[in-house]
Amino acid sequence: MNSPTTCIQSTAEVVFQNNYRNKAFKEIGYTLLFVFSVLLTYAQTNVRAEVDLQDNQSCTAIPVQSYGVILQSTIAPRSGRNGKYKLDYFDKDLVKQKSDSFSIANSSTLYYSFQKDGVNYTLNADNDKAFSLITADFHGYNSSIFNGELPSKTDVYQFVVVGQYLYIRCAISNQNTLLQVNMKTKKQTRLQLHIDDVRRGDLYSRDLQILNNELLVFVQADISNKTSDLYMFKYSMDGKLLKTINLSANIDEKMFDVKTAVIDNKILVSGTFAKTNSDYAQGIFFAELVNDEVVNPKFFNFLQLKNFSTYLTDKAQGAIERKNEKLANKDAELYINTFALVHTVLKSADGYTITCEMYVPNYVSGSLVNYYYTHAVILKLNIAGKLQWDQSIKLETDLGDTYLRQIVATNESSTGDISMSFVKRNTLTTKSMDKNGKVIKEKSLDIKSLSSADTKTRRNISTVDPWYENYFLASGFQRVSSKSTKEKKDIYYMNKLSSDN
């Protein structure tokens, strides 16, 4: 499958992250929930909604397919009291249709949301592991809340809702588990992730997905200090284990994160891999899943991409060039170690695209503080999975929390142009390439410029999310002052944007 090669692991001077091993982060595999979308040209549609904020009120806007937007807000409780959780339903013209409110536990933490078929679910939990699953259904604007309690020593990574069941990918007493909660009976069942001859402490769940009416859990099994396998656990919707498949069987490379997509009735997978014994990502793989078997995998070494090294330091690029020169006549290939977050395969006019973001965990006194994103690459593949071209975009931005999530998104215009974009300090930056990979446009949009004409924005914290068709949602907090009355206030705003392709 692979030509003979001697793999040389890169040294510290060409590795652009700190020396913390990847194993410390194998628990973090969040399916992304907040993805910044691409605007080829920016056209404001003059559709805007604003909410005046109360003290200690926080808000999150979640676009729900073509149905509208859910605005979730919480008001921090006073000492000894429960807080208030409010749902506002907005239609796709950002006109409020209904509001509901609930009482939530003290010190609640928002994990993230999951949505399907016009229904959004949000999971909250407090420090004592009491949790609330709040459902917002656009079919009739109906809301409900389900309360329960998690087992002690539970760390939640991800969840999905299937019928009457809530499935939580988590660790219970440091053991990776899929927890099933029957929301009718409140019965909890621990679906153990077990592989013969592998200690439970050497199993690390990476992702939880729903595909073709089956529940998939991807698990990395460390066989030894030098070897690991990637398994896929298949469950029925009611939690019955159907199969346990070793996806990396007969594959030399170590496969890490995996994302699945159904395109033209094919199950396509993307992920990261390492060729050496490294626990870091060294490249991107692409394959088809046929009868639970990885078929025709393609492995793309980061350092074999034309534009991967563009945003490395001059010193790092020089070290790479010198090492490649030494290996030129030795039938060997150089690899670089990095942390990488791969995206799901997207369909293109004549093939597929895969985006991957490079990041660095930031530690203070041994504790994870946040992630610093260095740059992202995009691979354009033909229908057979052959690499046609690659491009990259400079990020140099960090997030203020410990949630690892995608901050870059791609979009393809009707003419075949492909773009990447992200938000940094309230500026939406976009880089566009034609169908042959040539950069044709780089532009930015100051999100503060979307404020209403009578207000002056003094402070702005923004995100941009994909919505439906060619529409996007810009939302965030603003401290504004009226130009006419000089009144100052804090607001949460939502702007509907469209892209002119």
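In this text the structure is predicted, and so the values were computed from the model without any measurement.

S.K.: For this particular structure, what's the right way to read the sheet that holds strand β22 (residues 293-301)?
M.R.: For sheets, the rule is that strands pair by backbone hydrogen bonds, running either parallel or antiparallel. Strands sit in the order β19-β20-β21-β22 across an open sheet of 4 strands; the sheet is antiparallel. The open sheet has two edge strands, β19 (254-263) and β22, and neither has a second partner. The mean angle between the axes of side-by-side strands here comes to 20°, regardless of whether they run parallel or antiparallel. Here strand β21 (residues 283-290) runs beside β22; their pairing, made up of 7 bridges, is antiparallel. Of the residues in β22, the one forming a bridge with I284 is F300.

S.K.: Explain the sheet that holds strand β18 (residues 241-246) here, please?
M.R.: Read across the open sheet, the 4 strands follow the order β15-β16-β17-β18; overall the sheet is antiparallel. Across the chains shown, the open sheet's two edge strands, defined by having one partner strand only, are β15 (203-211) and β18. Going from strand to strand, the sheet's axes swing by 20° on average, the running direction of each strand aside. Relative to strand β17 (residues 228-235), strand β16 (residues 214-222) runs antiparallel, the two being bridged by 8 bridges. When the sheet's bridge partners are listed, F218 is paired in β17 with M232.

S.K.: Looking at this structure, I do not really get unusual backbone geometry. What am I missing?
M.R.: Glycine aside, residues mostly have negative phi, and peptide bonds are mostly found in the trans state. Backbone geometry at N250 places phi at a positive 70°, although glycine is not the residue there. For N250, the location among the structural elements is in the loop between β18 and β19. For N250, a relative accessible area of 73% puts it in the exposed group. The phi dihedral of D292 is positive, around 65°, even though this residue is not glycine. By the element assignment, D292 lies in the loop between β21 and β22.

S.K.: Looking at this structure, I do not really get helix α1 (residues 314-327). What am I missing?
M.R.: Along an α-helix, residues three or four apart share an orientation, since each turn contains 3.6 residues. Here α1 spans 20 Å end to end across 14 residues, near enough to the 20 Å set by a 1.5 Å rise per residue. Along α1, the residues that are buried comprise A316, G318, A319, I320 and L327.

S.K.: Honestly, the packing of aromatic side chains in this entry has me stumped. Any pointers?
M.R.: Here a ring pair, both rings aromatic, is described through the centre-centre distance and the interplanar angle of the planes. Applying the stated rule across the entire model yields 17 aromatic pairs. Aromatic side chains F285 and F299 sit 6.1 Å apart centroid to centroid with 45° between the ring planes, which places their arrangement in the tilted category. Note that F285 is positioned in strand β21 and F299 in strand β22, a separation of 14 residues in sequence. Assessed through its relative accessible area of 0%, F285 is described here as buried. Judged by centre distance (6.2 Å) and plane angle (45°), the ring pair of Y359 and Y373 falls under tilted. Here Y359 is found in strand β26 (residues 351-364), whereas its partner Y373 is found in strand β27 (residues 367-382), with 14 residues between them in sequence.

S.K.: How should I be thinking about the confidence of the model for the protein in this particular structure?
M.R.: Segments scoring low in pLDDT should not have their predicted coordinates read at a detailed level. This prediction gives the protein a mean pLDDT of 82; 84% of its residues lie at or above 70. When pLDDT is averaged over each element of the protein, β21 comes out on top at 95 and strand β1 (residues 6-9) at the bottom at 29. Per-residue pLDDT stays below 50 along residues 1-45; that stretch engages in 175 contacts with residues further than four places along the chain or on separate chains.

S.K.: Please explain the side chain of E357 as it appears in this structure.
M.R.: Note that E357 resides in strand β26. Within the buried set, E357 has no salt-bridge partner at all; the shortest N-O distance to an opposite charge, 8.2 Å, is to R405. In terms of polar contacts, E357 uses its side chain to reach the backbone amide nitrogen of V408, at 3.1 Å. Contact partners of E357, with chain neighbours within four places excluded, come to F339, A340, L341, H343, Y373, H375, A376, R405, Q406, I407 and V408.

S.K.: Is there a simple way to think about the environment of S228 in this case?
M.R.: For S228, the position within the fold is in strand β17. Residues S228 and D202, spaced 26 residues apart in sequence, show a C-alpha to C-alpha distance of 9.4 Å. Residues in contact with S228, not counting those within four places in the same chain, are Q220, A221, D222, I223, K254 and F256.

S.K.: When you look at the pairing of β16 in this model, what are you seeing that I'm missing?
M.R.: Along a regular strand, successive side chains alternate from one face of the sheet to the other. Among the 9 residues in β16, 8 count as buried, and that is most of the element. Relative to β16, β15 is paired through 8 bridges, and the arrangement is antiparallel. Across the sheet, residue I210 finds its bridge partner in β16, namely L215. Taken together, β15 and the strand that follows it, β16, pair antiparallel across an intervening segment of 2 residues, in which N212 is found at a positive phi of about 50°.

S.K.: Is there a simple way to think about the pattern of salt bridges in this case?
M.R.: Close approach of charged atoms allows side chains with opposite charge to pair. Tallied over the full model, the rule gives 18 salt bridges. Between K496 and D93 there is a salt bridge; the shortest N-O distance is 3.9 Å. Of the two residues, K496 is situated in strand β35 (residues 488-499) and D93 in the loop between β5 (83-90) and β6 (96-104); the sequence distance between them amounts to 403 residues. Given a relative accessible area of 5%, K496 falls into the buried group. Put simply, D279 and K254 hold a salt bridge, and the shortest N to O gap is 3.2 Å. Pair noted here: D279 is in the loop between β20 (266-274) and β21 and K254 is in strand β19, with a separation of 25 residues, a long-range link. Look at the salt bridges and you will find they share partners, linking E214, K234, K243 and D292 into a network.

Here is what the cut-offs are and how they apply
- Residues numbered from 1 in each chain as written.
- Predicted model: local features only at pLDDT ≥ 70, side-chain atom pairs only at ≥ 80, totals over all residues.
- Heavy atoms only, no water.
- Pairing = 2+ DSSP bridges.
- Helix = DSSP H or I, 4+ residues; strand = E, 2+ residues; numbered from the N terminus.
- Axes fitted to C-alpha atoms, helices over the stretch in contact; angles between N-to-C directions.
- Buried < 20%, exposed > 50% of the residue type's maximum accessible area, 1.4 Å probe, protein only.
- Expected span 1.5 Å × (residues − 1).
- Phe/Tyr/Trp six-rings, centres within 6.5 Å; stacked < 30°, edge-to-face > 60°.
- pLDDT = per-residue confidence, 0-100.
- Contact = heavy atoms within 4.5 Å.
- Lys, Arg positive; Asp, Glu negative; His and termini not counted.
- Salt bridge = Lys/Arg side-chain N within 4 Å of Asp/Glu carboxyl O.
- Polar contact = N/O pair within 3.5 Å; in protein donor to acceptor, adjacent residues only side chain to side chain.

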